[in-house]
Every structure is written in structure tokens, then in C-alpha cells.
Amino acid sequence: MAAPSPLVEFRDLTVSYGPLVALSGVSGAFPPGPTGLLGPNGAGKTTLLKTLLGFLKPDSGDIVAFGLDPRTRPLEVRRRIGYMPEVDCHIPGMTAAAFVAFAGELSGMPRDEAISRAHEVLYYVGLGEARYRTVDTYSTGMKQRAKLAQALVHDPDLLLLDEPTNGLDPQGREEMLALIKDISRRRAMSLILCSHLLRDVEEVCDGVIVFNQGKVAARGPIAALTGPRRSVYDVRVKGDAAAFLTDLKDLGCEWRESEDGYRVFMADGTGPEVLFQTARAAGVQVRYLRPGAESLEDVFLRALGHEVEA
Amino acid sequence: MPIYEQSYRRYEARGPLRTVRFWPITREALRLILSRRAFLGLLLVGWGQFLVRVVQVYAVTRFPQMGNVLPVDGRMFGQFLGIQTIFTLFISIFGGAGLIANDLRTGAILVYLSRPLTRRDYVLGKLGVLLALNLSVTLVPALLLYLIALALAPEQFATWKLAWIGPAVVLHSLVLSLVMSLLSLAISSLSRSARVAGLGFFGFVFGLEIVRGVLRAVYDRPEAALVSIQGDLQSLGNTLFGITDRAFHLPWAYPAAVLAVVSLGCLAVLRARVRAVEIVR
């Protein structure tokens, strides 16, 4: 079966803020479904979203959303997108119900339908009981939900979520991710989840594009990026760990420190027996050994080109 | 389907893009501003002069000799709008200062600009709020006063000789309201705090008025009026309504040019400041 055509495609895209180049010749695509946009702060994720919305004009390259160029037809693009910005956004003095209905109306919905949808969406995001309170009085978690509701109200084809779990406590974060998963999986809405938190992206998305310093560092389905391409072991040793790790490096393995030991990425075609042989040669005891899969964090750190010792 | 799952349904009825997109912005902002009782009070006070002038018109039509002291003619409308300028200042401060500043502070600007709206739609929407409020204390009462004068003294006002009053009222009210509204919006866009923007507007308008007063005292020339927004408006109003005042006696083109430059400057500021992305160079 042919792969579905992407909702958004960008090719050799360069965007700069004056002398500062935020995106440098990046290419990629967002297919239908949930896709993560991952990278440290300042990597260029938000710049890409803002270019997609037509807020920024690229210096060079192309970007196309739903077959439309945001530079020439920004309104048509924006009406099909729901944008949840990273920063706080609300209208002072407005209740959540009025705020979300207003957002719907700004998206082109008739007033009556916008009001009706606002109530539905606010119930959906869990603000049903609090919808007549002004957004100014909301907690951070509630404000995040109100932001999500205003992005959803016109039922966009593509939802852009910029750091949706920012400032949330662990429970709030779990609830927000559950909501986003529901939107994506059960409501079949495509979304781009922009985050610097690996777990958020890993939990929600099928594919990921990793940005670093304005360039695409890695991209692809998360399953393929983190799949059992090579063996990974969490290891704890007792004795001269430095010698053990140096020997592993000589054998083509990579490693990085983990919480209480080391995460070792085996060289192609090697197995755990190499670990035991190397440990014996280095005179250390293997006190803990657990096989694991390469996580998105590993991919992320490797894509960023540091942290992993090889 | 369980009830809890019915709270989200797809919305399929997407229509064509609207041609008039600024109206919801104007309407909602007006609703929020008019929900403040203090502001409603300000608008009501703004109509106080109208009542006084109605009594004046009535009294002069009944007792024509009063017209020697309180003439009811074109000058009365010029004086009426001159005094109403004070209310447009307060409306611009209390109603206009937060219009853009608050959106910049709370990030609401992104809610607007991430929709199918242009920056022009946004500015038009906000400008519509101030125009509506300012016209409600200038054009509306002045035209109503004119209609009352027409009704009470048709022999005086329903003549070709005074037919210019109606268009003059409309023109001066529009210029006055537009300049004040643009200035207030531009200053609002320069700050993230409504309070700072309000003080900025107050300082700008009254500061220039003080400069005008000083220049006038030192040089005793009508050109001093050109440095002040109020002076320019007064000078233009005097020309329109035939009021003779040496302090503002200038060819109409001079104040009109200054007000045009100020308005264009305000539009340039709005163009630079109303953006979804703040670029710090």
C-alpha cells in the first residue's frame, strides 16, 4: 500500500532572524498521524511551526502545507490548523467559554456554532465545570487545557502543539498526554507535538524529527529509530570500570553513563558474551546485566552528537 | 456510544473564508470594555454637554435675544466638538491603552494571528473599537444636536447658508476620532502594560500641549499649535466651523498635514509592532 501523502513538506528551508540563522537548509515531511518535533531549546522547532503558520518568511527553500504555500496563502493554511502556542495566551476578562467560542469565530465559524462547539470542546478537555470562570483565574494546568480547547474548537486538520506539558505537575502532564493521545488515536486528528521532553514524544507519536542547532539531526518512525538495530545492555560493574569501558570502546561498542551504571551499545553482531569476556580481561565483576532496547533518548543523544562515548 | 465520548465530534461544515473578518474582534472587545461600569459612567458623562447644548438650542429658539450671549450657529458645533475632544482623550486612555498591550502581555496576539486573519484585520478590529467609542461621544451627539436644532429652528438651520454644518460635523468628528484612535492604538502596541501605555498616551498628548503653551507664550505665533495634536485638531475645527481664535488661526492644510503625518506614523508603528513573532535584533 502506498504511503499517505504528507500534510506538510519542507525542502531546503532556511529561516533566519536577522543575522541569526534559526533553520539551515532543513528538509522533511509530516505525514498524517502524530509526529514529534524534538530537540533542545533553540533547536529551531518553534521556528518551523511559525514558518508553517506563515508568521515567518523563509530566506530560501520551500514549505507546503495541504498543498498550499503558507507564504502566498497563509489564511487558507491557518484555517486548517489549530495552534496551541508554548507561551501563555488568553484574553483578560474573558470566560473560557467566551474565549474558546471567540477563537472558533475567528477561525470562520458562525457565532452560534462556535458557541456550541466551545462548550463541547471545553467538556472534552475537562474544563466543563469551570467554563464560566475567566481564564485569568485558572491554574497553569487549566490554562494549558484552555489553550488546547481554543486550538481544537474549529476541528482542524492538523494540530500544532508547542510544548503542551510545559509547567504541568506530573499528574497534569499525564492527563494532558492522555488527552493528546485520545485526540490523535481515537479522533484521528493529525498533530505535530513539539517538545524538548523525550517521554512526551515517545508516548504520543509514531514518527519523530529531531532538530539540533537549526538542522535535522534524525528523523523517521520512532519504532525504526529505536528498534532492535543493535543490542543494548544496562550494566553495573565492580572494579576498574575505566579499563572495562576502554576495552569495550576498542571492540567497537559505545557506552554512556546511566543512572546507576552504564548503558552499553554493542557493536554489530556482538552479544553479551563480549561483555563478560571484556569484564574478565579487565578484572571487573559484572554485578548487573539487563538487555534493553535503544530508547528515543539514546537516539536523541546520538543525533545531537554528544554524550555517547564511542 | 457512551455519553462521555459524545463530547467531541468532528466539525464538517467548513465554509468559505469570510470577507469581513475584523468584526468579531471589534464586537468582543467592545463587550469587554462596556462591561466595566466605570467606563459606562465615562461615556454617560461624555453626553453631559449634549444635554446642556440641547437646553441652549431650545432656549435660543424660544428666547431669540439669548442668541446674543449663547449663539446657536456653526460655531456652537465647533465648540461642542472641541470640548468633546477631552472625552475622546479619556476614552482613548481607559479604553484604548490595553487593546493591544494586553494582547502582547497575555500572548493573546497569537490566538488572533494563528487564525485565518491578517494583521490588517487585527488592527482594523481594534481600531473599530476605539472609533465606535470615540464617535459615540463626538459624531453621534453632534449629529443629534444638529437634528434637534433643525427640528426646533428650521427657519434658521434648514437653509443653504448653514447646510455645511452637517458635513462639517461628520468630517471633524471622523478626523478627531480617527487620529485619537490611531494614536492610542500605536502607543498601546509599544508596551505590554495597559497602565504604561495609558500613561504614555497621556504624557504624549498633554506633554505636547504643554510644549504648545510654552511656545505660544514665548513666540506668540499661531504656528505653535502645530506641535500639539489637540492644537492641530482645534485649528482644523476652527477653520471648519468658522471660529476666530488667533492662537489657532492657520491655513487648514498645515494642521491637516501634521495630522496626516501623525496618522501615517501610527500606522507604521502598528505595522512594526503587531506581529506574531517578536524579532529582537
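Higher on the page you've got the structure.
As the structure is a prediction and not an experimental result, all values here were calculated from the model.

(A) Here's a closer look at the overall build of chain B. A count of helices and strands for chain B gives 12 helices and zero strands. The order of helices and strands in chain B, counted from the N terminus, is α-α-α-α-α-α-α-α-α-α-α-α. The C-alpha extent of chain B, read off along each of the three principal axes, is 80 × 45 × 35 Å. In chain B, which comprises 281 residues, the proportion classed as buried is 44%. Counting contacts in chain B only where the partners sit at least 6 residues apart, residues at least 24 apart contribute 77% of the total.

(B) How the structure looks around the sheet that holds strand β2 (residues 20-30) of chain A. Residue and element names in this part refer to chain A. Strand order across the open sheet formed by three strands is β2-β1-β4, with antiparallel pairing between neighbours. Bordering the open sheet on either side are β2 and β4 (60-65), each of which pairs with just one other strand. For this sheet, the mean inter-axis angle between neighbouring strands, taken without regard to orientation, is 25°. One ladder, built from five bridges, connects strand β1 (residues 8-17) with β4; its direction is antiparallel. Paired with R11 across the two strands is D62, which belongs to β4. Its contacts with the sheet put helix α1 (residues 45-52) on β1, β2 and β4, and the angle it makes with β1 is roughly 110°.

(C) Fine view of the nonpolar core. Residues and elements named next belong to chain A. One finds F99, V100, A149 and L193 to be the most contacted residues of the largest nonpolar core, which totals 140 residues. Each residue touching F99, except ones within four places of it in the same chain, is listed here: H90, I91, M94, V135, A146 and Q150. By size, the runner-up hydrophobic cluster in this structure holds 16 residues, among which are V232, V235, F244 and C253.

Scoring rules and cut-offs
Residues numbered from 1 in each chain as written. Chains lettered and ligands numbered in written order. Predicted model: local features only at pLDDT ≥ 70, side-chain atom pairs only at ≥ 80, totals over all residues. Helix = DSSP H or I, 4+ residues; strand = E, 2+ residues; numbered from the N terminus. Buried ≥ 20, exposed ≤ 12 C-beta atoms within 10 Å, placed from the backbone. Contact = placed C-beta atoms within 7 Å. Pairing = 2+ DSSP bridges. Axes fitted to C-alpha atoms, helices over the stretch in contact; angles between N-to-C directions. Core = buried A, V, L, I, M, F, W, Y, C linked by C-beta atoms within 7 Å.

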